Amino acid sequence: MPDTAAPAADRAAIDTARPAATGNAKRKQLLTYVAAAVVVGVIGWGAYYGLYASHFVETDNAYVGTDVAQVNALVAGPIASVSALETQHVKAGQVLATIDDADARIAVEQARAALALAERHVQGYVANDAALAGALSARQADVERAEAQIASAQADLDTAKTNLARRQKLATSGAVSQEELTDAQDAFARAQAALSNAIATRDAARAAVTAAGGQRQNNSTLFAGVPADQNPEVLAAKARLDAAELALSRTVVKAPADGIVSKKAIEVGQQVAVGTPLMTIVPTDHAFVDANFKEVQLKKVVPGQKVELTSDLYGKSVKYHGVVRGISGGTGSAFSLIPAQNATGNWIKVVQRLPVRIDLDPKEVAAHPLRVGLSMTARIDTSK
């Protein structure tokens, strides 16, 4: 009898193995497709990163900043009025507050009076010069008179000397009496005294001329060489008047720039000193962004590169465009109040960040105003 069970079992085994082999082939084919897709994806991502994505660095550690204008009191006094409110938008030159100006007005009037007095002083110097010129001429005339008196006294002395010599010769022969000889001697002595007195008078007149000339020269130095309105005394008085008027103008506190009033710290009646902070004006049309990039991201970042930014305030639908102005000279930790001490035994390396200053387009900022401290996301194109 023939054995038919064995072939039947073989056929059953073959029928069972045939679907398993088909499944394994499909699985291998699927795995091959997946592997190919992964390879293609990796190659595609590598190409995308190498050709495009690697040219950008991005961070969300970025915040809006601006050069705020601090408004301080430039003169002391009580606050008379406050016309600016917190969060109010003001224009440059707009009055923010006033300080009581009573003392400043008095100072201006005093300075004006001092200027008028200085101008009259200068006019007095000019008038005094004419008087001193006349006195000098009179002293010079005295010298001339003294010179004439000396000449006259010298002539009288010569005559007396001649008469005395003649009488002395005649006295030996008895032709002249002793009384005449004595009179001649007295006349000679008087002539000598008169000459000495005339010389002394001349010397005194010359000294008076020197003194009068010195007084006139001393007076002329107070006004000579410059017009009356350019005299140093007048200029000094004008400068004091200018200073007083400047102090008066500073009692009116004006906005130094367009912006929003912030940190208002004054009320009517408050006494302020010079330098007291009154408020802060925050410009809204000249904002910038400080983006804190990791040090490993800054290899290709240079000033002038273009930046695309978005704000958490407006979302990704509003994009800002800026330009890299520069990179800070140090990290935030280096400039902190208590710098990190890295030379320690338990040191752990931490990736540092450097602030990158980005200038924004003023037109875009005007269209969508920003506020100081708002969060931003910055993306720098390093390919240019």
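Everything in this summary refers to the structure shown in the same document. Source: prediction; values computed, not measured. (Residues numbered from 1 in each chain as written. Predicted model: local features only at pLDDT ≥ 70, side-chain atom pairs only at ≥ 80, totals over all residues. Heavy atoms only, no water.)

**Focus: the overall build of the protein**
The helix and strand inventory of the protein stands at 5 helices and 14 strands. Sorting the 384 residues of the protein into buried and exposed places 28% on the buried side. In the protein, of all internal contacts separated by at least 6 residues, the share reaching a separation of at least 24 is 79%. Here the protein has roughly 23,800 Å² of accessible surface; of this, 59% comes from carbon and sulfur atoms. (Helix = DSSP H or I, 4+ residues; strand = E, 2+ residues; numbered from the N terminus. Buried < 20%, exposed > 50% of the residue type's maximum accessible area, 1.4 Å probe, protein only. Contact = heavy atoms within 4.5 Å. Areas by Shrake-Rupley, 256 points an atom, 1.4 Å probe, with all protein chains shown as cover.)

**Notes on the nonpolar core**
Among the nonpolar cores identified, the biggest contains 23 residues, and Val289, Phe293, Leu309, Ile358, Leu360, Met376 and Ile380 are the most heavily contacted of them. Breaking this core down by element, the ones donating at least two residues are strand 1 (56-65), strand 10 (288-294), strand 11 (306-311), strand 12 (315-327), strand 13 (353-360) and strand 14 (375-381). The biggest single contributor to this core is strand 13, with 4 residues. Once you skip the residues sitting within four places of it in the chain, Phe293 turns out to touch Val57, Glu58, Thr59, Leu298, Gln352, Arg353, Leu354, Val356, Ala378 and Ile380. Counting residues in each nonpolar core, the second largest holds 18 residues, with Ala69, Val75, Ile79 and Val261 among its members. (Core = buried A, V, L, I, M, F, W, Y, C linked by side-chain atoms within 4.5 Å.)

**A look at the sheet that holds strand 5 (residues 95-99)**
Across the sheet, 4 strands lie side by side as 6-5-3-8; this open sheet has antiparallel pairing. Only two strands of the sheet have a single neighbouring strand rather than two, namely strand 6 (252-254) and strand 8 (271-272). The pairing of strand 3 (residues 77-82) with strand 5 spans 3 bridges and is classified as antiparallel. Bridging across to strand 5, Val82 finds its partner in Ala97. (Pairing = 2+ DSSP bridges.)

**What to know about the packing of aromatic side chains**
Using the criterion set out here, one finds 0 aromatic pairs in the structure. We note Arg357 situated over the ring of Phe288; from NZ or CZ to the ring centre the distance is 3.8 Å. Its end group placed over the ring of Phe56, Arg379 keeps NZ or CZ at 3.9 Å from the ring centre. (Phe/Tyr/Trp six-rings, centres within 6.5 Å; stacked < 30°, edge-to-face > 60°. Lys NZ or Arg CZ within 6 Å of the ring centre and 35° of its normal.)

**Regarding the environment of His321**
Of note, His321 is situated in strand 12. Take His321: its relative accessible area is 40%, and that puts it in the partly exposed class. For His321 and Arg379, which are 58 residues apart along the polypeptide, the C-alpha to C-alpha distance reads 9.7 Å. Look past the residues within four positions of His321 in its chain and what remains in contact with it is Val307, Glu308, Leu309, Asp359, Leu360, Asp361 and Glu364.

**A closer look at a negative patch on the surface**
Together, Glu179, Glu180, Asp183 and Asp186 make up a region of like negative charge exposed at the surface. As for its placement among the helices and strands, Asp183 is situated in helix 3 (residues 178-220). (Patch = residues over 30% accessible without salt bridge, like charges linked within 9 Å, V, L, I, M, F, W, Y side chains within 5 Å. Salt bridge = Lys/Arg side-chain N within 4 Å of Asp/Glu carboxyl O. Lys, Arg positive; Asp, Glu negative; His and termini not counted. Charge placed at Lys NZ, Arg CZ, Asp CG, Glu CD.)

**Observations concerning helix 4 (residues 232-249)**
Compared with an ideal rise of 1.5 Å per residue, which puts 18 residues at 26 Å, helix 4 spans 25 Å between its outermost C-alpha atoms and is within 8% of the ideal. Listed as buried for helix 4 are Val234, Ala237, Leu241, Ala244 and Leu248. Summarising the axial view, the buried residues of helix 4 lie within an arc of 85°, below the 170-degree limit, and thus occupy one face. The opening residue of helix 4, the one whose side-chain oxygen lies 2.9 Å from the backbone nitrogen of Glu233, is Asn231. (Expected span 1.5 Å × (residues − 1). Arc of directions from axis to C-beta. Polar contact = N/O pair within 3.5 Å; in protein donor to acceptor, adjacent residues only side chain to side chain.)

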